[in-house]
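Take a look at the letters that make up each chain.
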Amino acid sequence: MNRHCVILLFALAAAAPAQAQFNLRNLDINKLVDTAKNVGKATTEIGEKEEIEIGQDLAARLLGAAPLVANEAMQRYLNQVGRWLASQTERPDLPWRFGVLEAPQLNAFATPGGSIFITRGLLERMKSEAELAGVLAHEIAHVLRKHHLKAIQKGAQVELAGTAVTQLARQDRNTASREKLLSTGSELFARGLDKSDELEADRLGVVIAARGGYDAYGLPSVLQTLQAMNPQDSGVALMFKTHPAPGERLDALEKMQPTLDAYAAQPQLTERFAATARPRR
Amino acid sequence: MKLLALLLPLLLAPAPCLAEPATVMRATDLKQQPASDAPAAGQLAENAKVDALERKGGWTRVKAEGGTEGWVRMLALRYAGAGEAKPGDAGISQLLNVARTGTSGTQVTTGVRGLDAEQLANAKPNAAELKKMASYSASKDSAEGFAANGKLRAQRVDYPKEGGK
């Protein structure tokens, strides 16, 4: 069943009484209408428990691609900064977890339900805790707005139209369908979200960092560091592929200038950052 | 190790943040202080080349061609970046990691090539690392103490209204 058909059936499902009986050639319209309804339900009904489970499974896969940096002080420091920021949001009680991945590339990831990652490569290019806070706040915003979860649902619907995604999410984590849902999620990390999701996460990230009491220019400052890098550098290839260009993100953040300026004088915590996040190696 | 000796200076060089060549996106005043109501120290034309020296809040101190120094909006600056080859491809640090593991015996996992699209697609779940990550998580209370320690004060700031989401 192609996408247009699903959309058409959504309209049918909305317009037609539930028990409508059609027979159009060999098409079992009732069955398809039910399917469309299930898919419709699935977009709203992945509960928080399933969201967290899917996120944990995806987090385990990211950790399979790159383990944590073996530095407990650094990992705990990251969790303090992240947890403080998450506490300033509308979902303070998710199981928020943060990790530095042992990878030279520059990138950061969020999985549904509150697991957030930053690579060693990106951390090493940062100059202050305010910059780190800006990036973590951007990732926290993805979780708050369920950007990945929605993209997974959308992707899985196209592939698996006919089975409610909610059912998939609830099935045993070893079943083939669950596997499919998760592989859709993994692919997202290599393919990226919609540009509008990234720009929204930038705007909300600035606000969340400001709420946490940080210099709000942390995120724009990291974007300038990225913008100054050669896009041919293998360290940024994947991030540049999966995000709008840093220059474009900076342009878009000009809308946030009033918020940025109102909270520009808050602490950057350069020294605390240097002491913990950049130990002598 | 010769390769290491050659690459080491690159690694030890400070992060490229000072005197970074940059371009001004639009015609703007060069301010004497980092504030919009500060007197102008000069003018910069659109696409003027400057050296960025330091950032303070939303302002960056720059040195214009001709040597005049002053402050411009950091969001108005774009760095050389695109297309220009720079020393220190981040991939190099990968090479060095391997070398360092070999000589110092640190615990860097061998065989880690980092996170590219292919690795992400083929990764198998690592439950042990997931468990370790959970063990490092911070409680709300401890994060509050951490924030107070850094003199961070929570602020009430609204999300932007635009975008309709």
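Anyway, here's the lowdown on the structure attached to this text. (Residues numbered from 1 in each chain as written. Chains lettered and ligands numbered in written order. Predicted model: local features only at pLDDT ≥ 70, side-chain atom pairs only at ≥ 80, totals over all residues. Heavy atoms only, no water.)

Turning our attention to the overall build of chain A. Helices and strands together make up the secondary structure of chain A, namely 15 helices and three strands. Buried residues in chain A amount to 62% of all 281 residues. Long-range contacts, defined here as pairs at least 24 residues apart, represent 73% of the contacts in chain A between residues at least 6 apart. (Helix = DSSP H or I, 4+ residues; strand = E, 2+ residues; numbered from the N terminus. Buried < 20%, exposed > 50% of the residue type's maximum accessible area, 1.4 Å probe, protein only. Contact = heavy atoms within 4.5 Å.)

Before going further, it helps to spend a moment on the interface of chain B and chain A. Facing the 72 residues of chain B at the interface are 96 residues of chain A. Summed over both partners, the interface of chain B with chain A comes to about 6,800 Å²; 59% of that surface belongs to carbon and sulfur atoms. Among the residues chain B hides against chain A, the three largest losses belong to Leu115(B), Tyr136(B) and Tyr159(B). Together they make up 12% of the total. Here chain B is connected to chain A by five salt bridges. Where Arg55(B) meets Asp215(A), a salt bridge forms, and the shortest distance between an N and an O atom there is 3.2 Å. Applying the counting criterion to the chain B and chain A interface returns 21 residue pairs in polar contact (both at pLDDT 80 or more). Of the residues belonging to the side of chain B that touches chain A, the class tally is 29 nonpolar, 21 polar and 22 charged. (Buried area = accessible area lost by both parts, 1.4 Å probe. Salt bridge = Lys/Arg side-chain N within 4 Å of Asp/Glu carboxyl O. Polar contact = N/O pair within 3.5 Å; in protein donor to acceptor, adjacent residues only side chain to side chain. Nonpolar A, V, L, I, M, F, W, Y, C, P; charged D, E, K, R; others polar.)

Before going further, it helps to spend a moment on helix H3 (residues 48-65) of chain A. In this model H3(A) runs 26 Å from its N-terminal to its C-terminal C-alpha over 18 residues, within 8% of the 26 Å that 1.5 Å per residue would give. Buried residues dominate H3(A), accounting for 13 of its 18 residues. (Expected span 1.5 Å × (residues − 1).)

In total, this model carries three aromatic pairs over all chains according to the counting rule given. Ring geometry for Tyr77(A) and Phe146(B): centres 5.8 Å apart, planes at 75°, overall edge-to-face. A residue pair is termed interchain when its members come from two chains, as with Tyr77(A) in helix H4 (residues 72-86) and Phe146(B) in helix H5 (residues 140-149). Like Phe146(B), Tyr77(A) is buried. Centroid distance Trp96(A) to Phe98(A): 6.4 Å. Interplanar angle 15°. Geometry classified as stacked. Between Arg211(A) and the ring centre of Tyr159(B), over which it is positioned, the NZ or CZ distance is 4.2 Å. In this arrangement the basic side chain of Arg272(A) is found over the ring face of Phe146(B), its NZ or CZ atom lying 3.6 Å from the centre. (Phe/Tyr/Trp six-rings, centres within 6.5 Å; stacked < 30°, edge-to-face > 60°. Lys NZ or Arg CZ within 6 Å of the ring centre and 35° of its normal.)

Purely spatial values, then, with no claim about function.
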